[in-house]
Amino acid sequence: MMNEVQQSRLDLRSDTLTLPSAGMKDAMAAAVLGDDVYEEDPTVKQLEDKAAGMFGMEAALFCPTGTMTNQLAIKAHTRPGDEVICDHLAHIYRYEGGGIAVNALCSVRPLQGINGRISAGDVRDAINNPDDIHQPPSRLVALENTVNRGGGGYYDMAVIEEIGALCRSHQMAFHLDGARLFNALVETGETPEQYGRAFDSISICLSKGLGCPVGSLLIGKKELIGKARRQRKLMGGGWRQAGILAAAGIYALDHNIPLLKEDHRRAREIERIVKQYAPVAEVLPVATNIVMVRPAGGLPAAAFVARMREQGIYCVAFGNDLVRFVTHLDFTDQQLAQFEDRLKTGFMQG
Ligand SMILES: *Cc1c(COP(=O)(O)O)cnc(C)c1O
């Protein structure tokens, strides 16, 4: 038998959990469709043109996942035997199934940044000597913004520009895993165009805070997107009337970006509440919609998650000592109030 707490689950495991809103479903139902493998789906084209235009870049490719857009970019920028430079916490390195090795046949130079963010100095020290035949050619630098494992923090534009200049002077490509880029933009007030100028390619997820059921976009130069389109097909990712999903993406870009601010406010409230009522040793600085908590007294992350679950609160363990909460479109102020009530009355008293 389910009790009342279990019935009203407060699910903060991920911002991928959101369900399409009524307005988004209406947009999907009304979408004009065609076959995207023939490049004849007008709604897919509209989404791709819209995204490319927002970033001031030439072209875009709509794909099922952010893993695919990242992997297509890495493959398109490199040749087998090249090396990719990124932080050791990067999604492309940790959470894409070793795809860099499998798809692009490249090695990775994982750097020890700070909360998942690397500096131009870190990158400079990691660039191999192109004349030394012992070393793989350093071909690509990839940043992640916001940083998932790093607690949702974001980069300073000055740091990005410095790393970009380094890439250009060493003939290296510069890719952004911007799965949650818009979470950074609503905080900094920076524009997608600034990012379009800084990077050679950008991946953004529509399926996270923007609330789409499915979808990511790779944005970049025409030539790169052409290569990515070919590789997507090779991987079985040529999809037909994908416009029904692209319509959700257009809706999200038109309506849901400013709402991310609300997710961030609720994340700061989660921080306050867990600090007040749960046994936490540390909360990583909350910058956007991710709250990373280190349980106190050596309590394993899995045990912390299990005790939260007894209160109907769903969060996830990251390794043995970190727990992640993520706010999203389907986590309301009313649920936030329930979150506080449950921790106040039920959690870990004594
Ligand atoms: C979610 C995410 C991705 C892509 O994940 P998919 O589930 O493949 O869409 C890529 N990078 C980061 C940082 C992410 O959080």
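Rules behind the numbers
Residues numbered from 1 in each chain as written. Predicted model: local features only at pLDDT ≥ 70, side-chain atom pairs only at ≥ 80, totals over all residues. Heavy atoms only, no water. Helix = DSSP H or I, 4+ residues; strand = E, 2+ residues; numbered from the N terminus. Rg over C-alpha atoms; globule rule 2.2 N^0.38 Å. Buried < 20%, exposed > 50% of the residue type's maximum accessible area, 1.4 Å probe, protein only. Contact = heavy atoms within 4.5 Å. Areas by Shrake-Rupley, 256 points an atom, 1.4 Å probe, with all protein chains shown as cover. Lys, Arg positive; Asp, Glu negative; His and termini not counted. Charge placed at Lys NZ, Arg CZ, Asp CG, Glu CD. UniProt positions renumbered as here; feature names shortened; annotations may be inferred. Domains from an automatic or database assignment. Buried area = accessible area lost by both parts, 1.4 Å probe. Salt bridge = Lys/Arg side-chain N within 4 Å of Asp/Glu carboxyl O. Polar contact = N/O pair within 3.5 Å; in protein donor to acceptor, adjacent residues only side chain to side chain. Nonpolar A, V, L, I, M, F, W, Y, C, P; charged D, E, K, R; others polar. Phe/Tyr/Trp six-rings, centres within 6.5 Å; stacked < 30°, edge-to-face > 60°. Lys NZ or Arg CZ within 6 Å of the ring centre and 35° of its normal. Near = heavy atom within 4 Å. Expected span 1.5 Å × (residues − 1). Pairing = 2+ DSSP bridges. Axes fitted to C-alpha atoms, helices over the stretch in contact; angles between N-to-C directions.

Novice: Now, about the overall build of the protein chain: what can you tell me, with residues and values included?
Specialist: Within the protein chain, the secondary structure is distributed over 15 helices and 13 strands. Taking 2.2 N^0.38 as the reference for a compact globule, 350 residues should give roughly 20 Å; the C-alpha atoms of the protein chain span a radius of gyration of 21 Å, in line with that estimate. Its C-alpha atoms give the protein chain principal-axis dimensions of about 60 × 50 × 35 Å. The buried share of the protein chain, reckoned over its 350 residues, is 55%. Excluding contacts between residues fewer than 6 apart, the proportion of contacts in the protein chain whose partners are at least 24 apart in sequence is 73%. For the protein chain, the exposed area adds up to about 15000 Å²; of that, 51% sits on carbon and sulfur atoms. Averaged over its 37 positive side-chain charges, the protein chain has a centre that lies 3 Å from the centre of its 42 negative ones.

Novice: I'd love a proper account of the UniProt feature "modified residue: N6-(pyridoxal phosphate)lysine" (unreviewed entry) in the protein chain, names of residues and values included.
Specialist: Sites flagged by UniProt as "modified residue: N6-(pyridoxal phosphate)lysine" (unreviewed entry) map to K208. Other than its neighbours up to four places away in sequence, K208 contacts D15, T16, T18, A179 and R180.

Novice: Break down the domain arrangement of the protein chain for me, citing the residues and quoting the values.
Specialist: Taken domain by domain, the protein chain comprises domain 1 (4-18 + 259-345) and domain 2 (31-255). Distance from the C-alpha centre of domain 1 to the C-alpha centre of domain 2: 28 Å. Taken together, the contact pairs 17 residues of domain 1 with 23 residues of domain 2. Across the domain 1 to domain 2 interface the summed buried area is about 1700 Å²; carbon plus sulfur atoms make up 53%. The largest per-residue losses of area from domain 1 upon contact with domain 2 belong to D15, L260 and I290, which jointly make up 28% of the total buried on that side. Remark: the boundary between domain 1 and domain 2 carries two salt bridges. Linking R180 and D15 is a salt bridge whose minimum nitrogen-to-oxygen distance equals 2.8 Å. At the boundary of domain 1 and domain 2, one finds five residue pairs in polar contact (both at pLDDT 80 or more). Here the side of domain 1 that touches domain 2 is composed, by residue class, of nine nonpolar, five polar and three charged.

Novice: Let's hear about the packing of aromatic side chains: which residues, and what values?
Specialist: Going through the model one piece at a time under the given rule, you end up with six aromatic pairs. Seen from their ring centres, F55 and F182 are 6.1 Å apart, and the 70° between their planes marks the pair as edge-to-face. Of this pair, F55 sits in helix α3 (residues 42-55) while F182 sits in helix α9 (residues 181-188), and the two are 127 residues apart along the sequence. The two residues F55 and F182 agree in class, both being buried. Chaining the aromatic ring pairs together yields one cluster made of F174, Y195 and F199. Positioned above the aromatic ring of Y314 is the side chain of R9, whose terminal nitrogen or guanidinium carbon lies 4.0 Å from the ring centre.

Novice: An account of the site of the ligand is requested, with residue identities and associated values reported.
Specialist: The immediate surroundings of the ligand are formed by T65, G66, T67, N70, H91, E96, E144, D177, A179, R180, C205 and K208. Within the backbone of G66, a nitrogen or oxygen atom sits 2.8 Å from an oxygen atom of the ligand. H91 is positioned such that a nitrogen or oxygen atom in its side chain is 3.4 Å from a nitrogen atom of the ligand. For the ligand, whose unbound accessible area comes to 380 Å², protein coverage reaches 84%. By residue number, the principal contributor to the shell around the ligand is helix α4 (residues 66-77), which donates three residues. Classifying every residue of the shell around the ligand by side-chain character gives two nonpolar, five polar and five charged.

Novice: Give me the lowdown on helix α12 (residues 243-255), citing residues and values where you can.
Specialist: Here α12 spans 18 Å end to end across 13 residues, near enough to the 18 Å set by a 1.5 Å rise per residue. With 10 of 13 residues buried, α12 lies mostly within the body of the structure. If you follow the buried residues of α12, they end up packed against α2 (22-29), α3, β2 (59-63) and α9.

Novice: Give a description of the sheet that holds β2 that names residues and reports values.
Specialist: As summarised here, the arrangement of the seven strands in space is β2-β8-β7-β6-β5-β3-β4, forming an open sheet in which the pairing is mixed. What marks the edges here is a single partner per strand, and that holds for β2 and β4 (107-111). For this sheet, the mean inter-axis angle between neighbouring strands, taken without regard to orientation, is 20°. Across five bridges, the pairing between strand β7 (residues 201-205) and strand β8 (residues 216-220) is antiparallel. Within the sheet, the bridge partner assigned to I204 lies in β8 and is L217. The strands touched by α3 are β2, β7 and β8; relative to β2, the strand with the most contacts, the crossing angle is about 130°. Across the sheet, helix α8 (residues 157-169) is in contact with β5 (138-144) and β6 (173-178); its angle to β6 comes to roughly 145°.

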